[in-house]
Amino acid sequence: MFDHSRQDADKLQKILSEKGKYKNDIIRMILEGKAWDREGISLSSDDQLFAMADGIRREVYGDEVYIRGLIEITNFCRNDCYYCGIRKSNRGLDRYRLDKETILSCCRTGYELGFRTFVLQGGEDPFFTDDIMCDIISRIHEEFPDCAITLSLGERSAESYRRLFEAGGRRYLLRHEAADEGLYRRLHPEEMSPENRKKCLYELKETGFQVGAGIMIGAPFQTIDHIMEDIRFMEELGPDMIGVGPFMHHEDTPFGQYSDGSMELTLRVIALCRMIFPHALIPSTTALASISPNGRARGLKAGANVIMPNLSPADCRDKYSIYNNKAATGLESAQGLENLKKTVAEAGYRIVTDIGDVKR
Ligand code: 5AD
């Protein structure tokens, strides 16, 4: 469709990956969805941008889509983030924790289906001490030595991160949420700080984890300048994974009355991230799948190369309610995965059974 997309993609990528004069102007115009013409290339539509990002994604990762089995181990959380449905002040929520055997059985189901990465995600639940987490991680590691264990358990101490790594954790997802101090503070209560968030990310990296950062798009008070600041922060951090999804309101939070983020802007950010971080693992997020029936496919076509279907027990999925209308990809059956494979194939990609490590 776009004959010159490869050549233009390379040119655009070069501009975006170097500290050139026009870099910031161009990023801004892309985020604002404006047509432009500079440095011998022009961009007149989002579709062109997505095609360029897709070209770069195919250069690095071909048509492969990696799947990660998401296990939501607890919806208890000591934090009170204004946007999140599992915040501690949401008294209406039915809270749960999975025990070790349940988590292992989720992994077994996942392994049979072809998953080679398990993501243990949860609220910041003090119940999951280092001892308890390390026991769970080493059991998974023992039983599935050919799988990667990804953790997404929020802010912990450097010592804790070290122990989780020693037990067998290899990747850690901790979205930075907002690099800008002012915005970060408007999204979180006083006891949370962007400094600590960033510190945790650097400590994780130091420990040896492959690190995932990321943001919501369209969170209340967020501007294009904030997103540009987020990109700058990630350039400094050099994340292996980047999670980007639209903000979705949750009625039982202080942000319950705000509208959901835009899918188009989310896709532009995904495409930009693919061009600036060609090797990154970028999921087509659940939030994107939740905002539109074709969100998942559109994320892939804009440069995403990872999908994280839910392997949690079916009766927990509704309870892990971080926002309203959250999509629950029904992967409890092999049929669920077959349907997902079909969607991915129709978009022009291929789900693989692979540990799916970052290519550097
Ligand atoms: N809408 C979209 N994403 C959300 N998250 C939390 N609450 C919401 C929401 N209301 C995201 C945060 C967090 C990740 C697990 O989910 O970015 O890091």
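Being a predicted model, the structure only gives us computed values, none of them experimental.

Draft legend 1. Inspection of the site of the ligand at higher detail. In the vicinity of the ligand, the contacting residues are Tyr-83, Cys-84, Arg-175, Glu-177, Met-216, Pro-246, Phe-247, Met-248, Ile-322 and Tyr-323. The contact in question runs from an oxygen atom of the ligand to an N or O atom on the side chain of Arg-175, over 2.9 Å. For the shell around the ligand, the residue count by class is eight nonpolar, no polar and two charged.

Draft legend 2. Here's a closer look at the environment of Lys-100. Note on placement: Lys-100 falls in helix H4 (residues 100–113). Along the sequence, Lys-100 and Ile-132 sit 32 residues apart, while their C-alpha atoms lie 8.8 Å from each other. Within the structure, the side chain of Lys-100 is placed 2.8 Å from the side chain of Asp-135, a separation counted as a polar contact.

Draft legend 3. Region of the structure containing helix H8 (residues 194–207). Counted at 1.5 Å a residue, the expected span for H8 with its 14 residues is 20 Å, and the 20 Å between its end C-alpha atoms agrees. Buried positions along H8 lie against helix H6 (158–167), strand S7 (171–173), helix H7 (181–187), strand S8 (210–217) and helix H9 (224–237). Gly-208, located one to two residues past H8, shows a positive phi value of around 115°.

Draft legend 4. A look at the pairing of strand S3 (residues 64–67). By the bridge criterion, three bridges tie S3 to strand S11 (residues 350–352) in an arrangement that is parallel. Each residue of the ladder has a partner; that of Tyr-66, found in S11, is Val-352. The sheet contact formed by S3 and strand S10 (residues 306–307) spans two bridges and is parallel. If you follow Ile-67 over to S10, its bridge partner there is Ile-307.

Draft legend 5. Spotlight on the environment of His-188. Note on placement: His-188 falls in the loop between H7 and H8. Aside from chain neighbours lying at most four places away, what touches His-188 is Cys-81, Tyr-82, Tyr-83 and Glu-177. One polar contact links His-188 to Tyr-83, side chain to side chain, over a distance of 2.8 Å. Of note is the side chain of His-188, whose polar atom sits 2.8 Å from the backbone oxygen of Tyr-184.

Conventions and cut-offs
Residues numbered from 1 in each chain as written. Predicted model: local features only at pLDDT ≥ 70, side-chain atom pairs only at ≥ 80, totals over all residues. Heavy atoms only, no water. Near = heavy atom within 4 Å. Polar contact = N/O pair within 3.5 Å; in protein donor to acceptor, adjacent residues only side chain to side chain. Nonpolar A, V, L, I, M, F, W, Y, C, P; charged D, E, K, R; others polar. Helix = DSSP H or I, 4+ residues; strand = E, 2+ residues; numbered from the N terminus. Expected span 1.5 Å × (residues − 1). Contact = heavy atoms within 4.5 Å. Pairing = 2+ DSSP bridges.

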